[in-house]
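Inside the fold
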Amino acid sequence: MATPNVTCPAPMKATSNGAFQDENPLDYALPLLILQICVVVAFTRVLAFLLRPLKQPRVIAEIIGGILLGPSAIGRSEKFLNTVFPKKSLTVLDTLANIGLLFFLFLVGLELDMRSIRRTGHKALGIALCGITVPFVLGIGTSLVLRATISKGAEPIPFLVFMGVALSITAFPVLARILAELKLLTTDVGRIAMSAAAVNDIAAWILLALAIALSGSDTSPLISLWVLLCGAAFVLFAVFAIRPLLAAMARRSPEGEPVKELYICITLTLVLACGFVTDTIGIHALFGAFVVGIIMPKEGPFAGVLIEKIEDLVSGLFLPLYFVSSGLKTNVATISGGVSWALLALVIFNACFGKIIGTVVISLLCKMPFREALALGFLMNTKGLVELIVLNIGKDRKVLNDQSFAICVLMALFTTFITTPIVMAVYKPARRGAPYKHKTIQRKDPDTELRVLACFHSTRNIPSLINLIESSRGIRKKGRLCIYAMHLMELSERSSAITMVHKARNNGLPFWSKKQDDQDQMVIAFEAYGKLISVNVRPMTAISALSNIHEDICTSAHQKRAAMIILPFHKHQRVDGTMESLGHSFHVMNELVLSHAPCSVGILVDRGLGGTSQVQASDVSYKVVVPFFGGRDDREALSYGMRVAEHPGILLTVVKFIAPPGKTLAFGAKLVAVASNKDKKVIVDEITGSNIDEKEQDDQLWSEFLSARSNNEESVKYEERLVESNNDIMTALKEMNKSTLILVGRMPAVAPLVSKSDCPELGPVGSYLASSDFSTTTSVMVIQQYNPTTDIHPLVMEVSDFQDMPDTPRF
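Residues numbered from 1 in each chain as written. Predicted model: local features only at pLDDT ≥ 70, side-chain atom pairs only at ≥ 80, totals over all residues. Heavy atoms only, no water.

Summing up its helical and strand segments, the chain has 26 helices and 18 strands in all. Residue pairs in contact within the chain that sit at least 24 positions apart in sequence constitute 81% of those at least 6 positions apart. Within the structure as shown, the chain displays about 35,700 Å² of accessible surface, and the carbon and sulfur contribution to it stands at 59%. (Helix = DSSP H or I, 4+ residues; strand = E, 2+ residues; numbered from the N terminus. Contact = heavy atoms within 4.5 Å. Areas by Shrake-Rupley, 256 points an atom, 1.4 Å probe, with all protein chains shown as cover.)

Another point: the pairing of strand E16 (residues 741-745). Most of E16 sits inside the fold, with 5 of its 5 residues counted as buried. Along E16, one buried face is formed by Leu741, Leu743 and Gly745 and the opposite face, lined by Ile742 and Val744, is buried too. One ladder, built from 5 bridges, connects E16 with strand E17 (residues 779-784); its direction is parallel. Paired with Leu741 across the two strands is Ser779, which belongs to E17. Since E16 and E17 lie parallel, the crossover through helix H26 (residues 763-769) that links them has a hand, and here it is right-handed. (Buried < 20%, exposed > 50% of the residue type's maximum accessible area, 1.4 Å probe, protein only. Pairing = 2+ DSSP bridges. Right-handed = clockwise from strand over helix to strand, strands pointing away.)

This next bit is on the environment of Phe159. In this fold, Phe159 is placed in helix H7 (residues 156-168). The exposure class of Phe159 is buried, given its relative accessible area of 0%. A sequence separation of 241 residues divides Phe159 from Leu400, and the C-alpha atoms of the two residues are 7.2 Å apart. Setting aside chain neighbours within four positions, we find Phe159 in contact with Ser143, Leu146, Arg147, Ser151, Ala154, Val399 and Leu400.

Relative orientation of the contacting elements helix H10 (residues 221-251) and helix H12 (residues 285-295) amounts to 50°, with a least axis distance of 10 Å. Accordingly, the angle class assigned to the pair H10 and H12 is oblique. Where H10 crosses over H12, the handedness of that crossing is right-handed. Contacts between H10 and H12 involve Phe234, Val235, Ala238, Val239, Ile242, Arg243 and Leu246 from the former and Phe287, Gly288, Val291, Val292 and Ile295 from the latter. Taken together, the residues of the contact of H10 with H12 sort by class into 10 nonpolar, 1 polar and 1 charged. (Axes fitted to C-alpha atoms, helices over the stretch in contact; angles between N-to-C directions. Parallel < 35°, antiparallel > 145°, perpendicular 65-115°, else oblique. Left-handed = near helix turned anticlockwise from the far one by under 90°. Nonpolar A, V, L, I, M, F, W, Y, C, P; charged D, E, K, R; others polar.)

What follows is about the sheet that holds strand E6 (residues 536-544). Spatial ordering of the open sheet is given by E6-E3-E2-E7-E10-E17-E16-E11-E12-E15, a layout of 10 strands whose pairing is mixed. Two strands bound the open sheet, and with one partner strand each, they are E6 and strand E15 (716-722). When the angles between neighbouring strand axes are averaged without regard to direction, this sheet yields 20°. Sheet analysis places strand E11 (residues 622-628) next to strand E12 (residues 650-658), joined by 7 bridges and oriented parallel. Residue Tyr622 lies in a different strand from E12, and its bridge partner there is Ile650.

Let us now look at the pattern of salt bridges. Oppositely charged side chains may form a pair once their charged atoms are brought near each other. Per the counting criterion, the structure on display carries 8 salt bridges. One salt bridge connects Lys395 with Asp402, and the closest N-O pair in it is separated by 2.9 Å. Residue Lys395 is classed as buried on the basis of its relative accessible area, which comes to 17%. The exposure class of Asp402 is partly exposed, given its relative accessible area of 41%. The structure contains a network of salt bridges with shared partners spanning Glu719, Arg721 and Glu735. (Salt bridge = Lys/Arg side-chain N within 4 Å of Asp/Glu carboxyl O.)

Attention now goes to the packing of aromatic side chains. This model, assessed by the stated rule, comprises 8 aromatic pairs. Seen in terms of ring centroids, Trp702 and Phe705 are 5.1 Å apart; in terms of plane orientation they differ by 45°. Their pairing is tilted. Note that Trp702 and Phe705 are positioned in helix H24 (residues 692-710) at a spacing of 3 residues, about one turn of the helix. On the accessibility criterion, Trp702 (6% relative accessible area) is buried. Assessed through its relative accessible area of 1%, Phe705 is described here as buried. Taken together, the ring pairs connect Phe628, Trp702, Phe705 and Tyr718 into an aromatic cluster. One Lys or Arg, Lys395, reaches over the ring of Phe405 and ends 5.8 Å from the middle of that ring. (Phe/Tyr/Trp six-rings, centres within 6.5 Å; stacked < 30°, edge-to-face > 60°. Lys NZ or Arg CZ within 6 Å of the ring centre and 35° of its normal.)

Compared with an ideal rise of 1.5 Å per residue, which puts 28 residues at 40 Å, helix H14 (residues 338-365) spans 39 Å between its outermost C-alpha atoms and is within 8% of the ideal. After H14 finishes, the residue Lys367 shows a positive phi value of roughly 65°. (Expected span 1.5 Å × (residues − 1).)

Our next topic: the packing of H10 against helix H11 (residues 261-281). Direction vectors running N to C along H10 and H11 enclose 175°, while the axes themselves pass 11 Å from each other. Between H10 and H11, the angle falls in the class roughly antiparallel. Only Tyr263, Ile266, Thr267, Leu270, Cys274, Val277, Thr278 and Ile281 of H11 make contact with H10, whose side of the interface consists of Val227, Cys230, Gly231, Phe234, Ile242, Leu245, Leu246 and Met249. Broken down by class, the residue content of the contact of H10 with H11 amounts to 13 nonpolar, 3 polar and no charged.

As a further point, take the confidence of the model for the chain. The pLDDT averaged across the chain works out to 81; a share of 85% of its residues lies at or above 70. Throughout residues 678-690 the model reports pLDDT below 50, and contacts reaching past four residues in sequence, or to other chains, amount to 22 contacts. Here residues 805-811 is modelled with pLDDT under 50, and outside its nearest four sequence neighbours on either side it reaches 15 contacts, counting other chains as well. (pLDDT = per-residue confidence, 0-100.)

Every regular strand shows the same layout, with side chains that alternate between the two sheet faces. With 7 of 9 residues buried, E12 is to be regarded as a mostly interior element. Regarding topology, helix H23 (residues 632-644) serves as the crossover connection from E11 to the parallel E12, and that connection is right-handed. Sheet analysis places E12 next to E15, joined by 7 bridges and oriented parallel. Its bridge partner lying in E15, Thr653 is registered against Lys717.

Put into structure tokens, the structure is as follows:
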């Protein structure tokens, strides 16, 4: 019998000689791979940006991106597939994607801290085991239905195990990011979810190893037994031989010193070597990398340096390739007809029902509140990357056909997609706190302690903030100043960000800790200042998405009983004197803090207050001006100025603006003020300007100021200015543009001094003072006094019998 003449295509060469040599770069492996990476990364990042309003983790965008680039959507174009993802290039693409996945699984193992699992105890173990068992049993039932319909030729036992694992798995890395985004990572629900997911992950890998062993081409059960025994032997070898080596390298990498390049190289090579060993055994190369991550010592800087070295390259470039590699195998079009769609609904129902009901029932038996139990059930239903790994291995081993693979991929996508919206809907941890008295600078007893939450988000803010604190400390021995210095950090998708959240939060909130290890370097300046001066300085770190970091600021201010929150302005001054925006997110953050703050708020427009470095107490020589128009916010600014005036190095000048008889400082303009509650606008009457009660309070504070000035006439000056128009006010303010600092109320009853402003949060006067036309040397602090009548939607519910948290959490 003659054999057909079949010619195999020649393997792709690595590099081309270029288009000028009449060669198409896309016929060569390297330029084609570069194009594939660029297309994949750009496409998935655009999708991630579009899905951000839906609070979806980036993995969702990457899974959807992979499916859309595959034969389900864009890949339906044969020309596109043959140009960008030709079949001859898929081996190189899959190899690179799997190397990236190898190191990502190593990072996942690094995130799994076995000690935290042990600390959570029997509750997490019970929830995890029940959360695996119920959906696994339902997965067995589902596999029987699928084998009777669309997977008739599948091997029964491997198919049963693969379907059971696919339905029962919880994606630990995806869950960690969802919890961090929702600020639940360090709450009780978050801790239980993370510990249960960790147990679930380990159990899933054991079951996966079993499934792979059973799905080998040799059907002899003895071979499968040998694979499992060798896998167990490898784990023991890793624990007793590799772990001591890793521990020795971790011990030789002390805090504050660079980790030796040799140690990094040895560890990364070990990851690859262990992957080779487990692949040789017949489990999968990923299993070896995961084990090395788990046995890696977590204490000390060594693990953190490893994460920093590889996470951006792996999760940013290589990991999306795996999703596309998976998406190229997924063809949603194979799900056609009523039976297929019914099977998809069945798989999704069984996956959700088994996971959610199993978790909720056992959680209720553990006496968890129903809302927490329900939230935990949906959190444990998170699928994602690990699920895709299982499905791809099943597809490669011919256990899953195209249709069953597509159904399971869509199930993983759906269950992860619904997690964040449903958890946000069913569970919002109640933030409760004890009521406290001093929520403003203005108070009856000035000798009480003044607590200030000072926020900063870069080193640029620190010198001016410390100089402002130095100016505010006064000379009172009783009324000491306590500063909480909060470093605002944006939560990223990095694994290291999740680790930082664990260290920087307690029970869902930022906290101050006396522990010196793993300290945020940016708060060291505040600590050094606190030791030199009699000011209590306590550093905190808030790590959140910028869209909701205002919740951390407001709840922390309430927890620490702050009288004022100081925020950096969202613009900084460039060398040429113009103001440059740091980003819209910081602008929105400041507006949200003004709306929800439980105390007074000051926005510092920094123009180099005291210079670019910290000024010693003996060298302080500032000119501080308070323009006083009247109203709640101006009273707060004057009260703050009176405290500042106690510092021996400060000259305070208060300028009281007075309108002619029968007129107001609005000069006929109809004022529309933005209240602290953003949705509510205040129409200020143009004739009276403010009500009688406000006028009485202004006069009362003014008399207190004059009384205090009589005791300190050398450093406190005041003048009254009669102004007949807005131009008169602007002329008077321009005379102040050589002072060091101006303290101004946010919403005095004054007509706007600028015709157009992109900073409504600064008010009518502050907007003018913050403009480049006013000054390039004078810093401005715009102050809003806490108003209980507008605090109608507080972020913290005050409970009189609430047990107050100590400053330092007890671990």
